[in-house]
Amino acid sequence: MSEQGGGGRVSSNDVAKLAGVSRSAVSRAFTPGTYVSEETRAKVLRAADLLGYRPNMMARSLITNRTHIVGVVTTHLDNPFYATLLQRLIDEIQKIGMATLTFIADETSNDERISQLLSYRVDALVLTNTSLSSKMSARCAQGETPVVAINRYLENDTITSVTCDNAACAAEVADLLLKLKRKRIAFMAGEPDTSSSRDRERGFRRRLSERGVALHASAIGNYEHESGVRAARELLSRPKRPDAIFCANDLMALATIDVARKEFGLDVPRDLAVVGFDNSDAASWPTYRLTSVDQNMAKMVGLAVDEIAAAVAGTHSPGRHVLVRGVLVERESTGTS
């Protein structure tokens, strides 16, 4: 197997001769997860640097039947939370010596994009903020391509999911608003068909009910700022408008604050308490100072990458749903900072 070096074609044999080691030692030095002594690795890397050698991953994949590529399907990168999640995920995947091939799809219908990814013989497939059809799930299982979902979970015994404990965090939001003596409490949902929005609404409604309070009103904002503006207008135009709104993400919560102040002349939080979910950078901006749930993105991504590494090594247990506990960060939009 030969590779393209800086001054022509340089082979792993050339590196082995210069380093005074075997060709297999050169291979192990460039293969994540394989054992090689630090002394040998240092010799190989020094020789490779002198010769301008770079491993040919495509050639190696023909031998190992591994591409060292993780396929990633993501959505809505105009949402800062999703964009940051993707960046952190790619960074962590690269740290374990793998590359990513990323396709952008939508929240629910992704079979075509996933089919394209699978044609590249990716070693694993990661879904962020999106879902997988039963047909495509079966295809992945048949082809022995492990699938890990992050920030969503799927009712499928072959897919491992890592998410925030959305229901528990939403219950904490309900407790906060009840503690603040809010009487007319509303909920703004994200995409109705997504597990994150369903669980946040379920946890919120259940805790209100446990405390003897009925949800005053609800609307759908589809996790988007523009849709959030329309949903906020709908809620705040009611004859008895809410005195608190819990939004299933920050984009909708920021839209709600803008509409409340500019179109209805309301004071936030005196007339209306607003809570979001994601604790995005914008949540801490002085204009908003939004109370929001921090999903502990770093831990979610770390656990997801652990699952990817285990899946590629053939040591993970598919079908698990791993929950990460988030933290409610209180700020001025609820008057509790």
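Preceding this section is the structure that the text describes.
Residues numbered from 1 in each chain as written. Predicted model: local features only at pLDDT ≥ 70, side-chain atom pairs only at ≥ 80, totals over all residues. Heavy atoms only, no water.

Visitor: Got a minute to help me understand the environment of D199 in this structure?
Guide: Tracing the chain through its elements places D199 in helix α9 (residues 195–210). Taking the C-alpha atoms as reference points, D199 and A168, 31 residues apart in sequence, are found 8.8 Å from one another. Residues in contact with D199, not counting those within four places in the same chain, are Y153, N166 and A167. (Helix = DSSP H or I, 4+ residues; strand = E, 2+ residues; numbered from the N terminus. Contact = heavy atoms within 4.5 Å.)

Visitor: Sorry if this is basic, but what is going on with the nonpolar core here?
Guide: Nonpolar side chains in soluble globular proteins generally cluster together in the buried interior. The biggest cluster of nonpolar side chains holds 73 residues, and the ones touching the most others in it are F204 and I308. Residues contacting F204, with those up to four places away along its chain left out, are A170, A171, V173, A174, L177, I185, A186, F187, L215 and F246. (Core = buried A, V, L, I, M, F, W, Y, C linked by side-chain atoms within 4.5 Å. Buried < 20%, exposed > 50% of the residue type's maximum accessible area, 1.4 Å probe, protein only.)

Visitor: Help me understand the pairing of strand β12 (residues 291–294) in this model?
Guide: Working note: regular strand, side chains alternate between the two faces of the sheet. Inspection of the sheet shows strand β11 (residues 273–277) paired to β12 by 3 bridges, in the parallel sense. From the neighbouring strand, V275 faces β12, where its bridge partner is T291. One ladder, built from 3 bridges, connects β12 with strand β14 (residues 327–329); its direction is antiparallel. Residue pairing for β14: V293 is matched across the bridge by L328. (Pairing = 2+ DSSP bridges.)

Visitor: In this structure, what is going on with the environment of A253? I would like to understand it.
Guide: Of note, A253 is situated in helix α11 (residues 250–262). Along the chain, A253 and Y223 lie 30 residues apart, while their C-alpha atoms are 9.5 Å from each other. In this structure, A253 is in contact with C247, V274, V275, G276 and L290, ignoring residues within four places of it in sequence.

Visitor: Sorry if this is basic, but what is going on with the packing of aromatic side chains here?
Guide: Aromatic ring pairs are defined here through the distance separating the ring centres and the angle between the ring planes. Inspection of the entire model under this criterion finds 5 aromatic pairs. Here the aromatic rings of F81 and Y82 are separated by 6.2 Å at their centres, their planes lie at 65°, and the arrangement is edge-to-face. Y82 carries the same exposure label as F81, and that label is buried. Measuring from ring centre to ring centre gives 6.4 Å for F246 and F277, while their planes differ by 40°; the resulting arrangement is tilted. Pair noted here: F246 is in strand β10 (residues 244–247) and F277 is in strand β11, with a separation of 31 residues, a long-range link. Given a relative accessible area of 0%, F246 falls into the buried group. We classify F277 as buried; its relative accessible area is 0%. The structure contains a cluster of three or more aromatic residues connected by ring pairs, namely F187, F204, F246 and F277. Across the ring face of F277, the terminal group of R200 is positioned such that the distance to the ring centre comes to 3.8 Å. (Phe/Tyr/Trp six-rings, centres within 6.5 Å; stacked < 30°, edge-to-face > 60°. Lys NZ or Arg CZ within 6 Å of the ring centre and 35° of its normal.)

Visitor: Quick question: what am I supposed to make of the pattern of salt bridges here?
Guide: Two side chains of opposite charge can pair, provided their charged atoms sit close to one another. The final tally for this structure, using the stated rule, is 14 salt bridges. Across the pair R207 and D175 runs a salt bridge whose closest N-O atoms are separated by 2.5 Å. One end of the pair, R207, is in helix α9; the other, D175, is in helix α8 (residues 166–179), and 32 residues separate them in sequence. In the salt-bridge network here, residues are joined through shared partners; they are D175, R207, E210 and R211. (Salt bridge = Lys/Arg side-chain N within 4 Å of Asp/Glu carboxyl O.)

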